[in-house]
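# Structural characterization, general
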Amino acid sequence: MDCYHIIGQNRLNGKVCLHGAKNSALPILAATILSNKQSVIHNCPQLTDIKAACDILEYIGCTVTRQGQSVVVDPSGICRGDIPDNLMREMRSSIIFLGALAARLGKTCVSFPGGCELGARPIDLHLFGLRKLGLIINEEHGLLDCTAPGRLKGAKIVLSFPSVGATENILLACVLAQGTTTIANAAREPEIIDLANYLNACGAQVRGAGSDTIVVEGVPKLHGAEHSVIPDRIVAATYLAAAAATGGEVLVQDCCPLHLESILPVFEHAGCVVSCTQNSIYLSAKQPLKAVPVIRTLPYPGFPTDAQAPLMAMLSLAQGTSVIVENIFENRFKHVPEMLKMGADIKVEGRVAVVSGVSRLHSAKVYASDLRAGAALVVAALAAQGESEVYGLSHIDRGYENLDTTLQNLGARMIRKYEE
Ligand code: UD1
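## Digging into the overall build of the protein chain
Secondary structure summary: the protein chain contains 14 helices and 24 strands in total. Over its C-alpha trace the protein chain gives a radius of gyration of 21 Å, about what one expects of a compact globule, namely 22 Å for 420 residues. Projected onto the principal axes, the alpha-carbon positions of the protein chain cover approximately 65 × 45 × 40 Å. Per-residue burial for the protein chain yields a buried fraction of 58% across its 420 residues. Taking as baseline every contact in the protein chain between residues at least 6 positions apart, the subset at least 24 positions apart corresponds to 72%. Surface accessibility of the protein chain: about 16000 Å² in total, with carbon and sulfur atoms responsible for 49%. Averaged over its 36 positive side-chain charges, the protein chain has a centre that lies 3 Å from the centre of its 39 negative ones.

As structure tokens, then:
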């Protein structure tokens, strides 16, 4: 197993550029199949989850080529609507192809994604929305066998929770539907706006993305488009947390500070100096960190669940007691037992973590059980005294491009040790 070998307690210092947002690039790649013309997606990060999406595109008959950070998708050769189990299991978000395949081909068969490391992760809202559009979905033997009798039909869909994935899946399905679709209580994440912008560049008529009501006038046909993916706000939060935890100073460039509006006040509350331009964030953590009374993860524009773990790692070193309430996923404190090995003082009771700051963490051999847990352990190891090893890099590779070299450039003493 590969691991990061990290010698901690080096202040991070310098400039870092962000890569594109994984959670934007994935639904946009799925959306490229809605027309039969070529699309070019720029700022598409080189991550294993993105590779998994490209593998699915190729399996169903698209030609996919990568040129640096750009991915060119030619969907003219699409010849099948099924996605085999092994490709579905590579990445849970493969379910996002359901709406796009249903709209483009009128039929699709994919395996049920099942649970994941964050808990049950049901897809009932995805299926509810797609059924409202007229898709017939048979759930049998762990498969979702879907057919659309003719073109899908616009509908009013009220989500009981603003699920990001369900909002995206419904959007992908309804842009080619007959008539108007209204998605009420839609997710408002920046990634939804990015997807809508790409779809509109392809000729779709999507209004209201970024608000809780999205209205889509179905069009009979889309064309391809060239689009640049937004910067990754969670990767930005991770670098900021790493700089803060090491008492460092960092300038995060090519980012959109507006997307971190609920995250940046936490750093300020912790005693960091934060200042932004339109596309950069400067953070300096020269004072000892202070605890933050309470952080509650919420749908956007609330504090994102994906930033919870890396910021908890930072707060484990803050003077005083911080409380973190995880409202989005049931099983998202898996980094905590590993952080305890490093000397953190954190108590978890259901959805609540009470983080009592310690004056220092010490080194340990720790295992990342999911993507953001991995990010948290890297932040903790960078701040800890001594030499740590972080395992489970396959999770980290899903969402962070060249994390080791990026952090090395900021002065971190870390290397990736490859399995013999
Ligand atoms: C997306 C992000 C993920 C982020 C999450 C919340 C991608 C690829 N992933 O995941 O990084 O942590 O948003 O911001 O974009 N739920 C249901 N039924 C459903 C769908 C969701 O009960 O049909 C529940 C989930 O179990 C979870 C909550 O809703 O408790 C939020 O899930 P959702 O917003 O759908 O997250 P994802 O789209 O899976």
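Here the narrative resumes, following the displayed structure.
## As for the sheet that holds strand E17 (residues 280-284)
The pairing of strands in a sheet comes from backbone hydrogen bonds and takes either a parallel or an antiparallel form. One open sheet accounts for four strands, arranged E2-E15-E17-E16; its pairing is mixed. Of all strands in the sheet, those with a lone pairing partner are strand E2 (13-17) and strand E16 (273-276), marking the two edges. Pairs of neighbouring strands in the sheet enclose a mean axial angle of 10 degrees, with direction left out of account. Sheet topology note: the strand E15 (residues 249-253)/E17 ladder contains five bridges and is antiparallel. Its bridge partner being in E17, Val252 is matched across the sheet by Ile281.

## A look at the site of the ligand
Taken together, 18 residues are adjacent to the ligand, and Asp124, Leu125, Ser163, Asp306 and Ile328 come closest. Here an oxygen atom of the ligand sits 2.7 Å away from a polar atom, N or O, in the main chain of Leu125. Within the side chain of Ser163, one N or O atom sits 2.6 Å away from an oxygen atom of the ligand. For the ligand, the accessible surface in isolation is 740 Å², of which the surrounding protein chains cover 83%. Listed by contribution, the elements that provide at least two residues to the shell around the ligand are helix H5 (124-132), helix H6 (164-174) and helix H10 (305-315).

## A closer look at the layout of surface pockets
Considered as a void within the structure, the second largest pocket measures approximately 430 Å³ in volume. Lining the second largest pocket are 19 residues, with Ala245, Gly247, Pro288, Leu317 and Ser359 positioned closest to its centre. Counted by class, the lining of the second largest pocket contains nine nonpolar, seven polar and three charged residues.

## Points about the side chain of Glu168
Residue position: Glu168 is located in helix H6. Buried and unpaired, Glu168 has no salt bridge, with Arg233 as the nearest side chain of opposite charge at 8.5 Å. Look past the residues within four positions of Glu168 in its chain and what remains in contact with it is Asn23, Pro27, Ile96, Glu191, Ile192 and Leu195.

## Comments concerning the state of the cysteines
Across all of its chains, the model carries zero disulfides by this definition. There is no disulfide at Cys62, and the cysteine sulfur nearest it, in Cys79, is 8.8 Å away. The thiol of Cys146 is unpaired, and the distance to the nearest cysteine sulfur, on Cys109, comes to 7.3 Å. The buried category is assigned to Cys146, whose relative accessible area is 0%.

## Details of the side chain of Glu401
Tracing the sequence through the fold places Glu401 in the loop between helix H13 (393-396) and helix H14 (403-409). Lacking a salt bridge, the buried Glu401 has Arg66 as its closest oppositely charged neighbour, with an N-O distance of 6.1 Å. Dropping the residues within four chain positions of it, Glu401 is found in contact with His19, Pro45, Gln46, Leu47, Gln69 and Thr406.

## With respect to the packing of aromatic side chains
Tallied over the entire structure, the rule returns one aromatic pair. Seen in terms of ring centroids, Tyr367 and Tyr391 are 5.2 Å apart; in terms of plane orientation they differ by 20 degrees. Their pairing is stacked. One end of the pair, Tyr367, is in strand E22 (residues 365-367); the other, Tyr391, is in strand E23 (residues 387-391), and 24 residues separate them in sequence. On the basis of relative accessible area, Tyr367 is assigned to the partly exposed category, the value being 36%.

## Here we look at the nonpolar core
Membership of the largest hydrophobic core comes to 78 residues, with the highest contact counts inside it found for Leu29, Leu34 and Leu199. Core analysis: the second largest hydrophobic core is formed by 77 residues, Ala236, Ala241, Leu264 and Val274 among them.

## A look at the environment of Val72
Take Val72: it is sitting in strand E5 (residues 70-74). With 32 residues separating them in the primary sequence, Val72 and Val40 have C-alpha atoms 4.5 Å apart. Discounting residues that sit within four places of it in the chain, Val72 has contacts with Gln38, Ser39, Val40, Thr63, Val64, Thr65 and Gln67.

## Examining H10
Of all 11 residues in H10, 11 are buried, a share of seventy percent or more. Every buried residue of H10 is listed here: Thr305, Asp306, Ala307, Gln308, Ala309, Pro310, Leu311, Met312, Ala313, Met314 and Leu315.

Reading the values: the criteria
Residues numbered from 1 in each chain as written. Predicted model: local features only at pLDDT ≥ 70, side-chain atom pairs only at ≥ 80, totals over all residues. Heavy atoms only, no water. Helix = DSSP H or I, 4+ residues; strand = E, 2+ residues; numbered from the N terminus. Rg over C-alpha atoms; globule rule 2.2 N^0.38 Å. Buried < 20%, exposed > 50% of the residue type's maximum accessible area, 1.4 Å probe, protein only. Contact = heavy atoms within 4.5 Å. Areas by Shrake-Rupley, 256 points an atom, 1.4 Å probe, with all protein chains shown as cover. Lys, Arg positive; Asp, Glu negative; His and termini not counted. Charge placed at Lys NZ, Arg CZ, Asp CG, Glu CD. Pairing = 2+ DSSP bridges. Axes fitted to C-alpha atoms, helices over the stretch in contact; angles between N-to-C directions. Near = heavy atom within 4 Å. Polar contact = N/O pair within 3.5 Å; in protein donor to acceptor, adjacent residues only side chain to side chain. 1 Å grid on protein atoms, 1.4 Å probe; cavity = no way out; pocket = protein on both sides within 12 Å on 5 of 7 lines; lining within 4 Å. Points joined across faces, edges and corners; volume = space filled by probe spheres on them. Nonpolar A, V, L, I, M, F, W, Y, C, P; charged D, E, K, R; others polar. Salt bridge = Lys/Arg side-chain N within 4 Å of Asp/Glu carboxyl O. Disulfide = S-S within 2.5 Å. Phe/Tyr/Trp six-rings, centres within 6.5 Å; stacked < 30°, edge-to-face > 60°. Core = buried A, V, L, I, M, F, W, Y, C linked by side-chain atoms within 4.5 Å.

Shape is all these values report; function is a separate question.
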